[in-house]
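# Chains, contacts and geometry: an overview
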Amino acid sequence: MQKSYFKEYLYTLLSPNKIVMCFFIVYLLFPTQNSSGDSWGYATDIKFQINLFRPHHLLYNSFGLIIYKILKIIFGNIDVLAMMKMLNAFFAALLLIITNKILKLLNKNTEQRFAWLFFIGSSFGVFRYATDNETYIIPIFFSLLASFFYINFHNHNRKIHLFYSGAFASIACLFHQIMFFWWLGILIGLLASTNRKYFFYYILPSLIVPIVYWVIFTSVHNDHSIIHLLGYIFHDYLSGSAKTNIGWQSFLLTPINIFRTFIQIHGNILLIIKNTSVLLIFLLLILIPITYLFKANWKITINHNFNNNIFLTHLTIFILHLCFAFFSSGNAEFMVMMPFLIAIITLEIIKFPSTNIRLIASIMFLWNFGLSILPSSLYNFYDTSKLIETIKLNPNSIFILQDNLTTASEYEYIYGEEINMRIISFESYHVNKTEFDSIYTNIYTDIFDRPTPLNRAKLTIQSANISEFHKDKVLITLNGLLGEYGIYSIAKSSN
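### Structural notes on the overall build of the protein chain
Of the regular secondary structure elements, the protein chain holds 25 helices and 7 strands. Rg of the C-alpha trace for the protein chain: 25 Å, near the compact-globule value of 23 Å for 495 residues, within the 12% margin. Along the longest, intermediate and shortest principal axes, the C-alpha atoms of the protein chain span 75 × 65 × 50 Å. Across the 495 residues in the protein chain, those meeting the buried criterion constitute 54%. Sequence separation of at least 24 residues holds for 76% of the intrachain contacts in the protein chain that already meet a minimum separation of 6. Just so you have it, the protein chain exposes about 23300 Å², and 64% of that area is on carbon and sulfur atoms. Across the protein chain, the centroid of the 34 positively charged side chains sits 15 Å from that of the 26 negatively charged ones.

Here is the structure:
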């Protein structure tokens, strides 16, 4: 009796709403100091009001600008990048709230909903983008709203719910084109159901997508050509900035990045532990849920009365997104929605013991937070602020950097100056060596001893002909969390 009362009290304390609030606080308090190049780039767009309508994620920057202007009126000058990270943290919490409502619509009990919200919120894909300025969290929110109203439509057969579903699925596409597959999955589910006569109510609000693209394109570019409009819509794919191909990377990276959507695996973890051994406490804490997990009862219950259409619709959405991620060289960014879809799909047909899901979620949280989110929030991995200042103080020099794109984006955000011709990759220098040597007085690089963990970028650098570089003298020594390294001048080639 006493044990039953304690368990009831525990779930009252850790209700779905409370776990959402806990995650919101964590997302908000631990934004990354090591933002991606895209993250810096979007913040630059908003800060200087340029490139506000990037076709691949059309409304993301403009939406951020609106929020920025509102908050600026209330609070005065604020940092755009920090604000956008807070905005993503807020929408990540909304994601968990709407997921809770969806699971409630599917008649899942409090214990199940709490366990799966804990699981989703702890997944690395959600953690990672909830604490940075990337474009994936907000569109998933609108897609989940589309699913929420689609399920409501099936429960109550009200046409207005189908209209809302189509509207929110379309808005999601305007925030990121990848969400087209969610919109398409619901459409396929609708056509496969007995309610095909309601097709019009889902399609009608979807007209907002071509209309918005048309209005923005003609306003910004003063061009009414349909061919040029299509080129604008598919710009990232036509230009190659959004890579789509099926090769060895697709087969190698797709399974790796599926795993990374839930548990972070990266070469920098070893360097992080080496340089901040206190984080080993998280590895020790993980042993507790792992021990209980081995002892857990894995008996599962099959639900034979599940909603066939809801299950197949979201399974279709999952497969479509997975296939496109595979087609995009196993892109991890296109897998962020997987934890939400897995929760909906799994709970419809299988009931795992909620205790086991909580234990798995505990392992995920301790690993992802302790070995990735926390150190990334507390420390700058590469002492980039000092590097940026050094580049500013040496205007007649070029810098050949391993992570040139991120460094250039950070520099442009801080100083408002385009600097792509002075912060370059090894490959760019190798191709245009004679030209660069004739223009710039000094050439500096971090290529010799930057503590870069094993990843695709490092493999690319190592395959290049670094032997043509001859270290001269150190310009400055940097000391980030991952270790100490130098920015060296190199002797110019005599060729």
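Picking up where we left off.
### With respect to the sheet that holds strand 5 (residues 442-445)
Taken together, 5 strands build an open sheet; the order of strands is 4-3-5-7-6 and the sheet is mixed. Sheet topology places strand 4 (423-424) and strand 6 (471-480) at the edges, where each strand pairs with a single neighbour. Pairing of strand 6 with strand 7 (residues 483-490), which is carried by 7 bridges, proceeds in the antiparallel orientation. Its bridge partner being in strand 7, L478 is matched across the sheet by Y485.

### Points about helix 13 (residues 226-233)
Turning to helix 13, its buried residues are L229, Y232 and I233. Projected onto a plane normal to the axis of helix 13, the buried residues spread over an arc of 95° and lie on a single side. Elements in contact with the buried residues of helix 13: helix 12 (208-221) and helix 14 (235-239). Measuring from the backbone nitrogen of I227 back to the side-chain oxygen at the start of helix 13 gives 3.3 Å, which picks out S225 as the cap.

### Side note on the nonpolar core
Judged by nonpolar contacts, the single largest core of 137 residues is most densely connected at Y27 and L144. Sorting elements by how many residues they give to this core places helix 5 (residues 80-105) first, with 14 residues. In contact with Y27, not counting residues within four places along its chain, are A89, A92, L96, G121, V126, F127, A130 and T131. If you look at the next biggest cluster of nonpolar residues, it comprises 11 residues, including I424, Y429, F436 and I490.

### Quick look at the packing of aromatic side chains
Within the structure shown, the criterion is met by 47 aromatic pairs. Ring geometry for F23 versus Y27: centroids 5.7 Å apart, planes at 25°, classification stacked. You can see F23 and its partner Y27 sitting in helix 2 (residues 16-29), 4 residues apart, about one turn around the helix. On the basis of an interplanar angle of 70° and a centroid distance of 5.4 Å, the ring pair of F180 and F181 is categorised as edge-to-face. A residue is classified by how much of its surface remains accessible, and F180, at 36% relative accessible area, is partly exposed. According to the relative accessible area criterion, F181 is buried, its value standing at 16%. By the ring-pair criterion, three or more aromatic residues cluster together here, those being F24, F63, F90, F91, F141, F142, F148, F149, F163, Y164, F168 and F175. A cation over a ring is seen here: K392 above Y415, with NZ or CZ 4.8 Å from the ring centre. One residue, R450, lies across the ring of Y382, its end atom 3.6 Å from the ring centre.

### Quick notes on the pattern of salt bridges
With the rule as written, the count across this model stands at 5 salt bridges. A salt bridge links E348 to K108, with the nearest nitrogen and oxygen atoms 3.5 Å apart. In this pair, E348 sits in helix 19 (residues 338-349) while K108 sits in the loop between helix 5 and helix 6 (110-122), placing the two residues 240 residues apart along the sequence. Taking the relative accessible area as the measure of exposure, E348 reaches 3% and is therefore buried. Under the relative-accessibility criterion, K108 is labelled buried at 9%. Residues E111 and R358 are paired through a salt bridge, measuring 3.7 Å at the closest nitrogen-oxygen approach. In this pair, E111 sits in helix 6 while R358 sits in helix 20 (residues 354-378), placing the two residues 247 residues apart along the sequence.

### Focus on unusual backbone geometry
Phi is positive for N107, which is not a glycine, with a value near 65°. The class of N107 is exposed, set by a relative accessible area of 69%. Positive phi, close to 60°, is recorded for S329, a residue that is not glycine. Position of S329 among the secondary structure elements: in the loop between helix 18 (308-327) and helix 19. Classification of S329 as buried rests on a relative accessible area of 8%.

### Examining the environment of F149
Relative to the helices and strands, F149 resides in helix 8 (residues 137-156). You can call F149 buried: its relative accessible area is 15%. Ignoring anything within four residues of it in the chain, the contact list for F149 reads H161, Y164, S165 and F168.

Calculation notes
- Residues numbered from 1 in each chain as written.
- Predicted model: local features only at pLDDT ≥ 70, side-chain atom pairs only at ≥ 80, totals over all residues.
- Heavy atoms only, no water.
- Helix = DSSP H or I, 4+ residues; strand = E, 2+ residues; numbered from the N terminus.
- Rg over C-alpha atoms; globule rule 2.2 N^0.38 Å.
- Buried < 20%, exposed > 50% of the residue type's maximum accessible area, 1.4 Å probe, protein only.
- Contact = heavy atoms within 4.5 Å.
- Areas by Shrake-Rupley, 256 points an atom, 1.4 Å probe, with all protein chains shown as cover.
- Lys, Arg positive; Asp, Glu negative; His and termini not counted.
- Charge placed at Lys NZ, Arg CZ, Asp CG, Glu CD.
- Pairing = 2+ DSSP bridges.
- Arc of directions from axis to C-beta.
- Polar contact = N/O pair within 3.5 Å; in protein donor to acceptor, adjacent residues only side chain to side chain.
- Core = buried A, V, L, I, M, F, W, Y, C linked by side-chain atoms within 4.5 Å.
- Phe/Tyr/Trp six-rings, centres within 6.5 Å; stacked < 30°, edge-to-face > 60°.
- Lys NZ or Arg CZ within 6 Å of the ring centre and 35° of its normal.
- Salt bridge = Lys/Arg side-chain N within 4 Å of Asp/Glu carboxyl O.

Scope: geometric values only; no functional claims are made or implied.
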